[in-house]
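Structural characterization, general
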Amino acid sequence: MTVLINNLVADTPEHEYARKLSAKYEGWNAESILRDVIEHEFAGTIAMTSSFGADAAALLHLVAKIDRTTPVIFLDTDRHFFQTLQYRDELVEQLGLTNLVNLRPALEDVRALDPKNTLFQSDPDACCNFRKTRPLAAVTKDYAAWISGRKRHQASTRANLSVVEYDGRGFKINPLANWTAQDVTDYIRANGLPEHPLVEQGYPSIGCFTCTKPVEAGQDARSGRWAGQDKTECGIHLSVYEDGEGI
Ligand code: SF4
């Protein structure tokens with residue numbers, strides 16, 4: 001955790017180690033980075049998150065090549081498109097992933113907070129909170145490091161994304177940091193991976209069906225998410241889940 005001492009920011013040894021690892025991985029390709037963090041640096045205490053959205057297949061394929069038992073965390077909000085759930089199952093089977101973890105909202109929360117499944121209309125932040133943030137927060141302490149699909153090209157705020165970060169709770173590994181959108185497309189096609197079926201129907205960013213619309217050609221990829229509302233992010237505190245599509 002970054003500590004304030006007399007208004008000066010002091011780095012912890014973990015921040016220093018993240019910088020050291022980022023320097024080490026400078027010039028490494030994504031597969032080499034993943035192999036080192038999965039088999040060496042964070043062996044046995046690393047997981048990845050996946051929204052099983054439009055970009056997901058590339059990172060899942062890379063991880064499966066190294067260790068199919070790597071935990072893959074999926075936030076099953078109970079509001080996903082059925083195509084996403086089918087795509088998840090198809091990819092898991094094709095890649096031989098053996099440790100898919102479906103995190104679902106607590107039943108008591110569903111009953112107490114959203115008994116009519118309409119909270120996404122009246123208070124989407126509260127809906128995301130109990131369907132995504134709380135279930136994910138419950139498992140963050142179980143792992144020292146998280147693999148993320150975030151990329152520098154996705155937003156100005158990610159332009160300086162490091163390959164390894166420390167956020168005060170855990171290390172975040174971004175092996176695709178310097179990948180472009182075309183790199184992802186090329187990788188998926190070169191490796192014969194299936195594409196999410198909604199991509200060709202105009203959904204470049206895919207979340208819950210209640211909060212996702214198709215976009216016109218040339219529009220921002222995320223403009224179909226919570227369209228017509230101020231909301232642009234799900235608000236998950238563990239930003240590793242924000243793989244460019246969010247959920
Ligand atoms: S994206 Fe919409 S339906 Fe899904 S958890 Fe957030 S507010 Fe609820």
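Look a little higher up for the structure.
What you see is a predicted model, and the numbers here were worked out from it, not measured in a lab. (Residues numbered from 1 in each chain as written. Predicted model: local features only at pLDDT ≥ 70, side-chain atom pairs only at ≥ 80, totals over all residues. Heavy atoms only, no water.)

Let's shift gears to the nonpolar core. Counting residues in each nonpolar core, the largest one holds 41 residues, and the members touching the most others are Leu 60 and Ile 173. Here the element with the most residues in this core is helix 3 (residues 56-66); it accounts for 9 residues. Contact partners of Leu 60, with chain neighbours within four places excluded, come to Met 48, Ser 50, Phe 52, Val 72, Leu 91, Leu 95 and Leu 97. (Core = buried A, V, L, I, M, F, W, Y, C linked by side-chain atoms within 4.5 Å. Buried < 20%, exposed > 50% of the residue type's maximum accessible area, 1.4 Å probe, protein only. Helix = DSSP H or I, 4+ residues; strand = E, 2+ residues; numbered from the N terminus. Contact = heavy atoms within 4.5 Å.)

So, about the packing of helix 3 against helix 8 (residues 181-190). Two measures define how a pair of helices packs: the angle their axes make with one another and the distance between the axes. Between helix 3 and helix 8, the shortest axis-to-axis distance is 9 Å and the interhelical angle comes to 55 degrees. Here helix 8 runs oblique to helix 3, going by the angle between their axes. You can see that helix 3 and helix 8 cross each other, and the crossing is left-handed. Of helix 8, the residues touching helix 3 (which contributes Ala 57, Ala 58, His 61, Leu 62 and Lys 65) are Val 184, Tyr 187 and Ile 188. Classifying every residue of the contact of helix 3 with helix 8 gives 6 nonpolar, 1 polar and 1 charged. (Axes fitted to C-alpha atoms, helices over the stretch in contact; angles between N-to-C directions. Parallel < 35°, antiparallel > 145°, perpendicular 65-115°, else oblique. Left-handed = near helix turned anticlockwise from the far one by under 90°. Nonpolar A, V, L, I, M, F, W, Y, C, P; charged D, E, K, R; others polar.)

Of all the 11 residues making up helix 3, 10 are buried; the element is thus mostly covered by neighbouring parts of the structure. Within helix 3, the full set of buried residues consists of Ala 56, Ala 57, Ala 58, Leu 59, Leu 60, His 61, Leu 62, Val 63, Ala 64 and Ile 66. On its buried face, helix 3 is in contact with helix 2 (30-41), strand 3 (46-49), strand 4 (72-75), helix 4 (82-95), strand 6 (145-147) and helix 8.

This is a description of form; function is not addressed.
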